[in-house]
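Below are the chains, spelled out letter by letter.
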Number of protein chains: 2
Amino acid sequence: MEEKILRVNMAEQKITEEPVPEPYKSTGGRGITSRIILDEVEPTCHPLGKQNKLVIAAGILSGTKCPNSGRLSIGGKSPLTNGIKEANAGTPIAHQLASLGYKAIIVEDIPEGNEQYLLYLSDEGARLEPAGDLAGLGTYEFNGRIRERYHEKIYVLCIGPAGERLMRNAGISCNDPEGGPGRFAGRGGLGALMGSKKLKAIIFDTSKIFHAPIEEKEKFSEGSKKFVKILRENPISGEGLPKYGTNVLMNLVNEAGALPTKNFRFGTFEGADKVSGEELAARALSRGGVGTPTHNCHPGCVIRCSNIYPDEKGEALCSPIEYETAWALGPNLMIDDLDIIARLNRICNDLGLDTIEAGGALGVAMEAGIIPFGDGSGAIKLLEEVGQGTPLGHIIGQGADSVGKTYGVTRVATVKGQHLPAYDPRAIKGIGVTYAMTTMGADHTAGYSVTHNLLKAGGYVDPLKPEGQVKLSADLQVATAALDSFGLCIFVAFALLDNPEGWPTVVDIWNAKTGNNHSMDDILELGREVMRAEREFNKRVGFTSAHDRLPEFFRTEPLPPHNTVFDVKTEEMDEMNEQFNMYH
Amino acid sequence: MEEKILRVNMAEQKITEEPVPEPYKSTGGRGITSRIILDEVEPTCHPLGKQNKLVIAAGILSGTKCPNSGRLSIGGKSPLTNGIKEANAGTPIAHQLASLGYKAIIVEDIPEGNEQYLLYLSDEGARLEPAGDLAGLGTYEFNGRIRERYHEKIYVLCIGPAGERLMRNAGISCNDPEGGPGRFAGRGGLGALMGSKKLKAIIFDTSKIFHAPIEEKEKFSEGSKKFVKILRENPISGEGLPKYGTNVLMNLVNEAGALPTKNFRFGTFEGADKVSGEELAARALSRGGVGTPTHNCHPGCVIRCSNIYPDEKGEALCSPIEYETAWALGPNLMIDDLDIIARLNRICNDLGLDTIEAGGALGVAMEAGIIPFGDGSGAIKLLEEVGQGTPLGHIIGQGADSVGKTYGVTRVATVKGQHLPAYDPRAIKGIGVTYAMTTMGADHTAGYSVTHNLLKAGGYVDPLKPEGQVKLSADLQVATAALDSFGLCIFVAFALLDNPEGWPTVVDIWNAKTGNNHSMDDILELGREVMRAEREFNKRVGFTSAHDRLPEFFRTEPLPPHNTVFDVKTEEMDEMNEQFNMYH
């Protein structure tokens, strides 16, 4: 099977299959989305205009039984940050896209008129169909109705009303294995980009899921089995995450004094344990209905850190509640009630809003005095206004910076227009470097230093000291860019960092997949190349080192209880960045 | 009289007088505001945070009887563009500030608490007073009430509710000779910067107006008289502007096919003559009450292009209605009723909003479908919402980009976040270069190529061709930066460009004022130095040539009736800019 690129021109309603250009063949996922954006998108274009493109790509290892290889990369020029963006989600669709032989889908241009469209993909090829009365629906209802139109066994990638309304905090919903809409390529407003193309959804109608070509099948199978063992033996990916989900971090980060509370005023929250993963698991079990509190986001995942949160009657209310979501809609807002957090999370999923940014926006709204901190029902009302399309709803739906700018609030924790996630950079300084440096806007997943700063995976770098954080972050950024290109979940990193057989096993799997003879150096080069391409694009957009900065209050206002400020030297960060500024 | 700098620390409520540092002595106005910002303001700071500063300076020639030397420069890091900003207004205050011996006022830091303050300046010095119940007032009522608190013969610089609410489209109101609040340092959101300092107003209580020191009085007097003659002999500054005000341009620009109509869709407007300067003058005369339709904005002005627009009963409704205002609230919105334009203008003045940006914001609101194009009463309601502080009012009050981003509109004519004024860059291409290149965001006054492109003052450059526009704009930008440093009105430029005795006379006046022996080259160097300082600041903020661009639709969508696009080469603009990137 020759891999191909699917190009969908929305203005001409024309779909073409193209051979994969040579330089794209050796990469995948984020590696290919970022490269296509650099090659094809005018950097200074309006992100919601005709010249921007939406690129969807499966990882190098997607479509195979390599464990945890089902991350789908979605990229474009971000409506939120105005820079390059890749957001990925774990979903069966990653496997399906690779199994159908598509290296990437490129969606370009904008159709005339107000009709929205569906892109339907099956073993027979691709076609565009009018969305008709499916336009405007929330993701939950859309997912039900779309299965009435086709059949039960499809998987769906779609936007909600927020994306259709071109809100910069709109994400792209991807199905989990049960067909739920809760797996989001959430950050950077890619849902608004998809909305600007008037593409409501992409339907995957195929029974193929592990059909990607493999050069050396036996060696691949051996490597994958070994990788499963390595992941299961690691205490974080084998025990902590499977038992409590990512929200196992709530109590840990709180104990570390790094849980951003009341819009980044404090590092601890009194009600942390009430909204923790432990409490979530206990409720899931006691309210019944779902058996185990955790499940997988894509077939082949052996970590299973996702969860389903039941309401008081035991009915599924929301899936998943991630740590970052529980934080954004909880401690960040002084809300200590999991039921309210779950309700807010569900509204975000239904509208197609990124939960971190939504929590950020609500926090700034509280800062502006629109509702008081801790006001859960007020927060629900504000998110409902997003769905109603009121002026205030539009302000909130456009993200934290939008609320801050509209109401003149200076205490807004964003970098490049994207809100900081659930780790205070004054108490986990490595992640502060990542927030500032990455091309993506504040993004914990771009270089997750919580590994070394907190969990002591792969070594320890004191989270409260400025020393060593830049190198830590940069190394992790490179490794992450590689993982994102493979289509691997970043939670494999704990095992890769701790177990000396980890990375060599990934190298073996990669070589078995492609028939090449790569080394560990090639993996690092794969990551570096992604970072160089992304920085080159952002440079052409007009980003400079002056944009690689945290908001000023992180350097001036000490965070209790450690009373530290973010004091990593900017010169050190700028120097490290220079090495990624040499695209060739 | 030794000139001094007045430093007002709002946090400490402390006022100090400082000697003028050597490098500042030889400049004034924009030359000094921009230099102080470069020297004292952290470029990456939040424009509404403690680290930004508001700088107010009189021109080199302000406080003297040199004609048209009463422009007051106000600067800071712009809340609207995030870059350096200077906006100037013609007002008696320019003369008073210089007469009191202040080279500049620097307002810094932010006080605790919610109290707002007044800065009171008199012959005895300066003091801060609580604004008390004068906070929150519109500029009209404030100007009345402040005179009750002090006395009739004060002049006032203040912000309206928009500035107090930290809206990025807030300007700073300055008094005209009659004490009216309609002379604005409007652009770039400096009113929000003043609001962030909790400074409601500055009161000038002095009878001194032409008391600035002059080295060679007789020579100065001779030069000034000659300059008056030169200005009066020029057909534009001696006849067109005095007769009809700046709105004499409405019919001219319409005839040139360069009048941006319906949010920059067309270059002509059917109702142009109904909202022209000729019509305005006719109404002012026929409705009576004000005698002559034009008046001056500061003592010593011999052009007198300002006006007072009477309502149907002959009562003053608004002063002035400038061409750019009449355009922004007229043809831009498909409104052809001067009474409505005057009402919109008055609301802007009262709230303290820049009229160009307000018109831009209303146009984008119409683009978004919030109200239809041409809906005058809808436009009035939207501006009233700004005063009421509703969510939609906040969105509008934050300017055109805010409306565009909040509602996902891509057709937004802004550069660096500031809305384009009343000349379409596809049909007057020199001004398009200025919009794109200047550090100020889209600003016609920064390099007013309408001189050569349309009025044939100082030569002719075909407005529809790309050739020659970059040099034209750059030359005008340098000359303007010099005029803004002298405190001279840019309308002296027509005479300076046309009459070979013009610039030499300004050189003579400058030398008589300072006792130096400057040449024309020194004037150009004065201008270049300002541009270098401003570009250096913006570079440190993170601006690159990628930001020196017009919105993409100006390059892709031809403008009727000439059906031209903006096709000046970006390489040519970037090359020209390089020469201003060498600050030393």
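Residues numbered from 1 in each chain as written. Chains lettered and ligands numbered in written order. Predicted model: local features only at pLDDT ≥ 70, side-chain atom pairs only at ≥ 80, totals over all residues. Heavy atoms only, no water.

Where an unreviewed UniProt entry is consulted, chain A appears under the name Aldehyde ferredoxin oxidoreductase, with the organism given as Heliorestis acidaminivorans. One UniProt comment on chain A, placed under Sequence similarities (unreviewed entry), says "Belongs to the AOR/FOR family." (UniProt positions renumbered as here; feature names shortened; annotations may be inferred.)

## Things to note about the packing of helix α2 (residues 29-40) of chain A against helix α22 (residues 520-541) of chain A
Residues and elements named next belong to chain A. With their axes 9 Å apart at the nearest point, α2 and α22 run at an angle of 30° to one another. Comparing the axis directions of α2 and α22 gives the class roughly parallel. When you trace α2 past α22, the crossing you get is left-handed. On α22, the residues touching Arg30, Gly31, Ser34, Ile37 and Leu38 of α2 are Val530, Ala533, Glu534, Glu536, Phe537 and Arg540. For the contact of α2 with α22, the residue count by class is five nonpolar, two polar and four charged. (Axes fitted to C-alpha atoms, helices over the stretch in contact; angles between N-to-C directions. Helix = DSSP H or I, 4+ residues; strand = E, 2+ residues; numbered from the N terminus. Parallel < 35°, antiparallel > 145°, perpendicular 65-115°, else oblique. Left-handed = near helix turned anticlockwise from the far one by under 90°. Contact = heavy atoms within 4.5 Å. Nonpolar A, V, L, I, M, F, W, Y, C, P; charged D, E, K, R; others polar.)

## A word on helix α3 (residues 92-99) of chain A
Buried residues dominate α3(A), accounting for eight of its eight residues. Looking at α3(A), one finds that the buried residues are A:Pro92, A:Ile93, A:Ala94, A:His95, A:Gln96, A:Leu97, A:Ala98 and A:Ser99. (Buried < 20%, exposed > 50% of the residue type's maximum accessible area, 1.4 Å probe, protein only.)

## Structural notes on the nonpolar core
Counting residues in hydrophobic clusters, the biggest one holds 241 residues, and the most contacted among them are A:Leu383, A:Ile396, A:Tyr423, B:Leu383, B:Ile396 and B:Tyr423. B:Tyr423 has contacts with B:Leu249, B:Val253, B:Ala258, B:Pro260, B:Tyr323, B:Glu324, B:Ile428, B:Ile431, B:Tyr435, B:His444, B:Tyr448 and B:Val450, leaving out every residue within four places of it along the chain. (Core = buried A, V, L, I, M, F, W, Y, C linked by side-chain atoms within 4.5 Å.)

## Concerning the sheet that holds strand β5 (residues 84-90) of chain A
Residues and elements named next belong to chain A. Reading across the sheet, the six strands line up as β2-β1-β6-β3-β4-β5 and stay open at both edges, with mixed pairing between neighbours. At either margin of the open sheet sits one strand with a lone partner, and together these are β2 (14-19) and β5. Going across the sheet, the axis of each strand differs from the next one's by a mean of 20°, ignoring polarity. Judged from the five bridges that link them, strand β3 (residues 53-58) and strand β6 (residues 102-108) form a sheet pairing that is antiparallel. Bridge assignment links Val55 to a residue of β6, and that residue is Ile106. Those strands touched by α3 are β3, β4 (71-77) and β6, and its axis lies near 90° from that of β3. (Pairing = 2+ DSSP bridges.)

## As for the pairing of strand β9 (residues 155-158) of chain B
All names here are of chain B. Side chains of β9 alternate between two faces, with Tyr155 and Leu157 and Val156 and Cys158 buried alike. Looking at chain direction, β9 and strand β10 (residues 172-174) are connected through two bridges and run antiparallel. The residue bridging Leu157 from the neighbouring strand is Cys174, located in β10.

## Remarks on the relation of the copies chain B and chain A
Comparison of the two chain copies shows a relationship of rotation about an axis with a shift along it. When chain B is fitted to chain A, the residual RMSD is 0.0 Å, and the transformation amounts to a turn of 180° plus an axial shift of 0.0 Å. One copy is carried onto the other by what is essentially a two-fold rotation axis. Every residue of chain B has its C-alpha some distance from the rotation axis, and the shortest such distance is that of B:Pro391, at 2.9 Å. The share of interface residues of chain B whose copies in chain A are also at the interface is 100%, consistent with both copies meeting through the same surface. (Least-squares fit on C-alpha atoms with pLDDT ≥ 70 in both.)

## Quick look at the interface of chain B and chain A
Contact with chain B, which involves 26 residues of that partner, is made by 26 residues of chain A. Between chain B and chain A the total buried area reaches about 2,200 Å² when both faces are included, carbon and sulfur atoms providing 56% of it. It is B:Thr406, B:Thr410 and B:Glu552 in chain B that bury the most area against chain A; as a group they hold 22% of the surface buried on that side. The interface formed by chain B and chain A includes zero salt bridges. The interface formed by chain B and chain A contains ten residue pairs in polar contact (both at pLDDT 80 or more). Of all elements in the fold, only α15 (391-397), α16 (400-407) and α22 (520-541) of chain B reach the threshold of two or more residues within the side of chain B that touches chain A. Per element, the largest residue contribution to the side of chain B that touches chain A is four residues, and it comes from α15(B). Residue classes in the side of chain B that touches chain A are distributed as ten nonpolar, twelve polar and four charged. (Buried area = accessible area lost by both parts, 1.4 Å probe. Salt bridge = Lys/Arg side-chain N within 4 Å of Asp/Glu carboxyl O. Polar contact = N/O pair within 3.5 Å; in protein donor to acceptor, adjacent residues only side chain to side chain.)

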